[in-house]
Amino acid sequence: MIAFSLAAVLAASTPLPPIDTVVTEASGAGFAGEVLVSTSDKTIYDRAVSAPGRPHKAGDLWRWASVTKQLTATLVMQEVAAGRLSLDDTIAARLPAFNGPTGARVTLRMLLQHTSGLPNPDDTPAADVKSFPAFYLRNSRGVGGAEDATGYCAGKPRAEPGAGFSYNNCDYIVMGAILERTSGKPFATLIRTRIAKPVGMETLRVASADRATPPMTPGVDADGKPEPRFNLATFGPAGAAYGAPEDLARFDRALMGGRLLDADHLTVTWKGDPHLGYVALGAWSFTAKLAGCAAAVDLVERRGEIGGVEVRNLLAPKLGKALVVFADRSDLDFGEIWQANGLSYRLASAAFCAV
């Protein structure tokens, strides 16, 4: 576990340590991975940190896990901007093959904000407490795609639509199938042609059971042992993206610069709902006080975790800055920014507020 005393950095007369100091402190407490800080036009800090038996270098491939949802939400809002989708459309209207009992009442907004009540793949049985649910172990053709959207995800709902927030990968697997039907293109093609290519992201890909996935950074569990087995492709539009951290920084710069969504649709995407814990569309959006900044900072946060790999993608749009963190250990304690403690808070304060 990583913990820092905040007394010094919270003292008004004490300057914040630079980002490299925070990363060095974290590495001494067990952090290994890569940290980037980006401005609106370039990456200004990029450091890879290794640990015994876990070497890392800048530019390594990492799974992006649920940061994939941020990409999916961006594609959805591009369709909304083009008038081909509406956030108030229902699953039934946009994916007729979906025969779930609540398809006529679940909207695209509910999918993007995890209030659909659809079945949850995490509920499928696991061999033991350290194994992945069975849903994520399959290797059949097409896993994570439309067949899962209209198959498992159309099963018995867990809750009534709109009843409340409940994190669920089926929401984005179904959303991906809707994108494919609306556009007539595979999800991976949409990622490549509408996000990766326009932004110059050379390494961004989506894992598929139909082709080999290149070696990428593995994670370890809380005991430092190799993470359990899973098939990244089964996460589909909910978590199957992978690439180098620098490409995620490029995505952040493109979003903040209006190159992927216009200002009006970006505002909708980043509007956090306080009644749902400030969940927005594909991310969380909230205001927080950071050490070193005179005023509270508007933040957009997207987290990801699969196996032993954890990801944090944090944007401060009004400051024109972004923080990208990849870590290789599942028990890393990032803390909570809104509680003004932990590694995320320290990194964000140094990245966004330190002079």
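Everything that follows concerns the structure shown earlier in this document.
### Looking at the packing of helix H7 (residues 169-183) against helix H8 (residues 187-199)
Moving on, step 1. Contact geometry of H7 with H8 gives a least axis separation of 9 Å together with a crossing angle of 75°. Here H7 lies roughly perpendicular to H8, going by the angle between them. Across the interface between the two elements, Gly-176, Leu-179, Glu-180 and Ser-183 from H7 touch Phe-187, Leu-190 and Arg-194 from H8.
Moving on, step 2. Partitioned by chemical class, the residues of the contact of H7 with H8 number three nonpolar, two polar and two charged.

### Structural notes on the pairing of strand E7 (residues 297-306)
Moving on, step 1. Most of E7 sits inside the fold, with seven of its 10 residues counted as buried.
Moving on, step 2. The pairing of strand E6 (residues 284-288) with E7 spans five bridges and is classified as antiparallel. Residue Trp-284 lies in a different strand from E7, and its bridge partner there is Glu-301.
Moving on, step 3. Of the strand pairs in this sheet, E7 and strand E8 (residues 309-316) are connected by seven bridges, and their pairing is antiparallel. Its bridge partner being in E8, Ile-306 is matched across the sheet by Val-309.
Moving on, step 4. Counted along the chain from E7 to the antiparallel partner E8, the turn is two residues long, and its residue Gly-307 has a positive phi close to 60°.

### Section: the sheet that holds strand E3 (residues 62-63)
Moving on, step 1. With respect to topology, three strands assemble into an open sheet ordered E3-E5-E4, the strand pairing being antiparallel. Strands with a single pairing partner mark the edges of an open sheet, and in this sheet they are E3 and strand E4 (205-206).
Moving on, step 2. Pairing analysis gives two bridges linking E4 to strand E5 (residues 241-243), with the strands arranged antiparallel. Each residue of the ladder has a partner; that of Arg-205, found in E5, is Tyr-242.

### Re helix H9 (residues 245-256)
Moving on, step 1. With 12 residues, H9 extends 17 Å between its outermost C-alpha atoms, agreeing within 8% with the 16 Å of an ideal straight helix rising 1.5 Å per residue.
Moving on, step 2. Every buried residue of H9 is listed here: Pro-245, Glu-246, Asp-247, Leu-248, Ala-249, Phe-251, Asp-252, Arg-253, Ala-254, Leu-255 and Met-256.
Moving on, step 3. Just beyond H9, the residue with positive phi is Gly-258, at close to 75°.

### Quick word on the layout of surface pockets
Moving on, step 1. By volume, the largest pocket amounts to about 380 Å³.
Moving on, step 2. If you go around the largest pocket, you meet 22 residues; those closest to its centre are Val-143, Gly-144, Gly-145, Glu-180 and Ser-208.
Moving on, step 3. Going through the elements one at a time, helix H6 (146-150), H7 and H8 are the ones with two or more residues in the lining of the largest pocket.
Moving on, step 4. Looking at the lining of the largest pocket, the element that brings in the most residues is H7, giving four residues.
Moving on, step 5. Tallied by class, residues from the lining of the largest pocket come to 12 nonpolar, six polar and four charged.
Moving on, step 6. Roughly 230 Å³ of internal volume is contained in the second largest pocket.
Moving on, step 7. As for the second largest pocket, its lining consists of 13 residues, and the residues nearest its centre are Gly-277, Trp-284, Phe-286, Glu-301 and Arg-303.
Moving on, step 8. The set of elements that each furnish at least two residues to the lining of the second largest pocket consists of E6 and E7.
Moving on, step 9. The leading source of residues in the lining of the second largest pocket is E7, at four residues.
Moving on, step 10. Among the residues making up the lining of the second largest pocket, the classes are represented as five nonpolar, four polar and four charged.

### Observations regarding the state of the cysteines
Moving on, step 1. Enumeration over the complete set of coordinates arrives at two disulfides.
Moving on, step 2. At a sulfur-sulfur separation of 2.0 Å, the disulfide partner of Cys-153 is Cys-170. Handedness of the Cys-153-Cys-170 disulfide follows from its S-S torsion of about -85°: it is left-handed. Taken together, the residues span a long stretch of sequence, with Cys-153 in the loop between H6 and H7 and Cys-170 in helix H7 at a distance of 17 residues. Of the two residues examined, Cys-153 and Cys-170, each falls in the buried class.

What counts and how
Residues numbered from 1 in each chain as written. Predicted model: local features only at pLDDT ≥ 70, side-chain atom pairs only at ≥ 80, totals over all residues. Heavy atoms only, no water. Axes fitted to C-alpha atoms, helices over the stretch in contact; angles between N-to-C directions. Helix = DSSP H or I, 4+ residues; strand = E, 2+ residues; numbered from the N terminus. Parallel < 35°, antiparallel > 145°, perpendicular 65-115°, else oblique. Contact = heavy atoms within 4.5 Å. Nonpolar A, V, L, I, M, F, W, Y, C, P; charged D, E, K, R; others polar. Buried < 20%, exposed > 50% of the residue type's maximum accessible area, 1.4 Å probe, protein only. Pairing = 2+ DSSP bridges. Expected span 1.5 Å × (residues − 1). 1 Å grid on protein atoms, 1.4 Å probe; cavity = no way out; pocket = protein on both sides within 12 Å on 5 of 7 lines; lining within 4 Å. Points joined across faces, edges and corners; volume = space filled by probe spheres on them. Disulfide = S-S within 2.5 Å.

By themselves, these figures tell us nothing about what the structure is for.
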